[in-house]
Amino acid sequence: MKSIIETCTNNENLNMPIMIFGWIKKTRKLGSIIFLDVYDISGFVQVFVDEKNKFYNEIYSTPKETLVSIKGTLKNRKSINNEVPSGHVEIILESFNIISLSKNTPFLIQDETDGLEEIRLKYRYLDLRRSSMQKNIILRSNLIQNIREYLHRKEMIEIETPILTKPTVEGANGYMVPLKDNLFFSLAQSPQIYKQLLMVSGFMKYFQIAKCFRDENLRLDRQPEFTQLDIELSLVNEEYIFNFVEGLLKNVFLKTIGVDLKTPFRRMNFDDAMELYGNDKPNLGYGYEIFNCTRHFENNTIFSDLISKGKVFKAILVNDFLINNTDLKKIEKFAKDNGAKSLISCVFDKKIVDGSLEGKVDDQIIKNIFDENKFKSGTLFIDFNDGFTSNKILGAIRNATIDILKIEPEARFNFVWIVNWPLFEFSKEENRYVSVHHPFTSPVEEDSGKSTKDFHEARARSYDIVLNGFEIGGGSIRITNNEIQKKVFEVLKINEDTYKKEFGFLLEAFEYGVPPHGGIAIGLDRLLMLITNSNSIRDVIAFPKSSSGTDLMMNSPSKVTK
């Protein structure tokens, strides 16, 4: 069955009888004439109905979203609508048949809908009729197809790994699948171990469009089940993977949305990202870098003692934006919610300063900071704290200010590789070191020989790829030396009995000629959210969970009978 647009834009059908199937989009009555818009996933066409037509009254009383069949003659329109593909033609109605009658819909089935997200998720099958949603899902299909085509040309082998897998002590919270006798499977959080075992098996170029499951706090860019592009390669280093991924994304962006990405992508050390942007996933579409301005306060008796003990003043300037009081209060509240206790915010334009820290900061100090940095105008935020905390607070302020002021980025797509990560970080909640990425990440070569006592300070051969302030992927070169792997487990406080029970098969596999290998996983939902400029990844997933992790359409999770 051909679509409405395919049928109505075929010149061979002009002045010929045709038949279409679709839903009623809109009915307009102008005097003695009805104009009926009928649509399917390809678009819509206008149907002309004269009052002499025997279906005239039936059509006028038929509800929107009713599925109908239309027979008629395809004609050129007198008033052309160049904004739609079928805008130059219309169908002169001859026959009208109701296939499936629709009730009144709970919200408007159009791009500018009146439906809140909760009601749209409950009636997702109706929400998916909206053109904007259909475009997103079609784009998703095209993106995945283009990924597959590119990787197959690169002689990558697509292999499916199990979803039902083994529960382990490391990683994010998972979903357990109970069996009898107190036995459990775990839904796969990622194909990580399986793809490493595939490298041992000799499949040197693996990929998969993988479903993964994690029981984590949900956000606009996170779902309990998600789809990732999973890649693993043997006999490679970081440079090879950077070039490989950049080539893939460049090709896929061009073919899918016609955007020619500039490569190579920028690279930034983890420490620099935290120092300049207070964030390990900085949005480089904007300036507003954090800078140290402590020296301007060293002679201030109120602060000098604390400065001598390691406290610092750090600042960020949102230049060219004189933020009004309403927005300034929103930003200041956001800063306090993120731990700011001694925050200075001041507006500077034409040498006028407004605002200080309870009158303890001389306006001349603020003026000196503007003069030294050659700032002409803008809003300055200064935080007084230890350096790491100030960076995080100012990084949060930076992101909040961009969102609240709706500042436009310098470019549409801003990629950056974040490299030189620490291998471990200390978790106060667990009172132990945990892996920054995962426990199979290799340390850099010069740190691999560190003693167990100092190994927690090791750096990692890991990398994240960030787009517009969102981490869309991460990976690493993997550990293939069992002695190093055991040292990692030791730092993580996983005892020998536990790691042999949970990962013994992996350690044994590495005794049978394991090649050096590394890879990456790219979150396709998050990538599509950014490509389509959607507000949430729920807008690029056909049947997503709500913000609370539930399926409002199927009313799940739900209780079951014995």
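Structure first, text after, so check above.
The rules behind the values
- Residues numbered from 1 in each chain as written.
- Predicted model: local features only at pLDDT ≥ 70, side-chain atom pairs only at ≥ 80, totals over all residues.
- Heavy atoms only, no water.
- Pairing = 2+ DSSP bridges.
- Helix = DSSP H or I, 4+ residues; strand = E, 2+ residues; numbered from the N terminus.
- Axes fitted to C-alpha atoms, helices over the stretch in contact; angles between N-to-C directions.
- Parallel < 35°, antiparallel > 145°, perpendicular 65-115°, else oblique.
- Left-handed = near helix turned anticlockwise from the far one by under 90°.
- Contact = heavy atoms within 4.5 Å.
- Nonpolar A, V, L, I, M, F, W, Y, C, P; charged D, E, K, R; others polar.
- Buried < 20%, exposed > 50% of the residue type's maximum accessible area, 1.4 Å probe, protein only.
- Patch = residues over 30% accessible without salt bridge, like charges linked within 9 Å, V, L, I, M, F, W, Y side chains within 5 Å.
- Areas by Shrake-Rupley, 256 points an atom, 1.4 Å probe, with all protein chains shown as cover.
- Salt bridge = Lys/Arg side-chain N within 4 Å of Asp/Glu carboxyl O.
- Phe/Tyr/Trp six-rings, centres within 6.5 Å; stacked < 30°, edge-to-face > 60°.
- Lys NZ or Arg CZ within 6 Å of the ring centre and 35° of its normal.
- Core = buried A, V, L, I, M, F, W, Y, C linked by side-chain atoms within 4.5 Å.

Q: Explain the sheet that holds strand β7 (residues 164–165) here, please?
A: Sheet strands pair via backbone hydrogen bonds, and the direction of the pair is either parallel or antiparallel. Spatial strand order, β7-β9-β8: 3 strands in an open sheet with antiparallel pairing. Here the strands that pair on one side only, and so sit at the sheet edges, are β7 and β8 (176–178). When β8 meets strand β9 (residues 184–187), the two strands line up antiparallel, connected through 3 bridges. Paired with Pro-178 across the strands is Phe-184, a residue of β9.

Q: Which parts of the structure should I look at to understand the packing of helix α5 (residues 131–153) against helix α15 (residues 524–531)?
A: Angle between the axes and distance between the axes are the two parameters that describe a pair of packed helices. Close contact between α5 and α15 brings their axes to 11 Å; oriented N to C, the two are set at 120 degrees. One finds that α5 runs oblique with respect to α15. Here α5 and α15 pass one another in a crossing that is right-handed. In contact with Leu-139, Arg-140, Leu-143, Ile-144 and Ile-147 of α5, α15 contributes Leu-524, Asp-525, Leu-527, Leu-528 and Ile-531. Among the residues forming the contact of α5 with α15, the class breakdown is 8 nonpolar, no polar and 2 charged.

Q: How do you make sense of the side chain of Thr-379 when you look at a structure like this?
A: Position of Thr-379 relative to the elements: it lies in strand β17 (residues 377–385). With relative accessibility at 0%, the residue Thr-379 sits in the buried group.

Q: Explain the sheet that holds strand β23 (residues 517–523) here, please?
A: Across the sheet, which stays open at both edges, the 8 strands sit in the order β6-β10-β11-β23-β22-β21-β18-β12 with mixed pairing between neighbours. Here the strands that pair on one side only, and so sit at the sheet edges, are β6 (157–158) and β12 (266–269). With 2 bridges connecting them, β6 and strand β10 (residues 205–213) associate as parallel partners. By the bridge assignment for β10, Ile-157 is matched with Tyr-206. Running over the sheet, helix α8 (residues 270–277) touches β12 and β18 (415–419) and is turned about 85 degrees from β12.

Q: Looking at this structure, how should I read unusual backbone geometry?
A: With omega at 0 degrees, the peptide bond leading from Thr-263 into Pro-264 counts as cis. Residue placement: Pro-264 occurs in the loop between α7 (238–257) and β12. Cis geometry is adopted by the peptide bond preceding Pro-557, which originates at Ser-556 and carries an omega value of 10 degrees. With respect to the helices, strands and loops of the structure, Pro-557 is situated in the segment after α15. Residues other than glycine seldom take positive phi values, yet Asn-431 does so here, at roughly 55 degrees. Residue position: Asn-431 is located in the loop between β19 (424–427) and β20 (432–435).

Q: Help me out: how do you make sense of a nonpolar patch on the surface in this one?
A: Together, Met-1, Met-19, Phe-21 and Ile-99 line one region of the surface with nonpolar side chains, adding up to about 400 Å² of accessible area. Following the sequence through the fold, Ile-99 ends up in strand β5 (residues 89–100).

Q: Teacher, can you tell me more about the pattern of salt bridges here?
A: Between side chains of opposite charge, a pair can form as their charged atoms come close. Applying the stated criterion across every chain, the model contains 31 salt bridges. Here Lys-195 makes a salt bridge to Glu-232, at a shortest N to O gap of 3.4 Å. Separated by 37 residues along the polypeptide, Lys-195 in helix α6 (residues 192–200) and Glu-232 in strand β11 (residues 225–234) bring together distant segments of the chain. Here Lys-195 matches Glu-232 in class, with each residue buried.

Q: Is there a simple way to think about the packing of aromatic side chains in this case?
A: The relative placement of two aromatic rings is captured by the distance of their centres and the angle of their planes. Evaluated as defined, the whole model comprises 24 aromatic pairs. Ring geometry for Phe-440 and Phe-503: centres 5.3 Å apart, planes at 80 degrees, overall edge-to-face. Taken together, the residues span a long stretch of sequence, with Phe-440 in the loop between β20 and β21 (462–467) and Phe-503 in helix α14 (residues 496–509) at a distance of 63 residues. For Phe-440, a relative accessible area of 5% gives the class buried. Through a chain of ring-to-ring contacts, the aromatic side chains of Phe-253, Phe-265, Phe-413 and Phe-415 assemble into a single cluster. The ring of Tyr-60 is capped by Lys-29, whose NZ or CZ atom sits 4.9 Å from the centre of that ring.

Q: Looking at this model, I keep getting lost on the pairing of strand β2 (residues 33–40). Mind explaining?
A: Successive side chains on a regular strand alternate, one facing one side of the sheet and the next facing the other. For β2, the tally of buried residues reaches 7 of 8 residues, placing the bulk of the element in the interior. The sheet contact formed by strand β1 (residues 17–30) and β2 spans 7 bridges and is antiparallel. By the bridge assignment for β2, Trp-23 is matched with Tyr-39. Where β1 folds back on β2, the antiparallel hairpin that results is connected by 2 residues, among which Gly-31 adopts a positive phi of roughly 65 degrees. As paired elements, β2 and strand β3 (residues 43–50) share 8 bridges and run antiparallel to each other.

Q: In this structure, what is going on with the nonpolar core? I would like to understand it.
A: A general trend in soluble globular proteins is that nonpolar side chains are found buried together. Within the largest apolar cluster, 43 residues are counted, with the highest numbers of intra-cluster contacts made by Leu-229, Phe-415 and Leu-527. If one sorts the elements of this core by residue count, α7 sits on top with 8 residues. Ignoring any residue separated from it by four or fewer positions in sequence, one finds Leu-229 in contact with Ile-147, Leu-151, Phe-207, Gln-208, Ile-209, Leu-248, Ile-520, Ala-521, Ile-522 and Leu-524.

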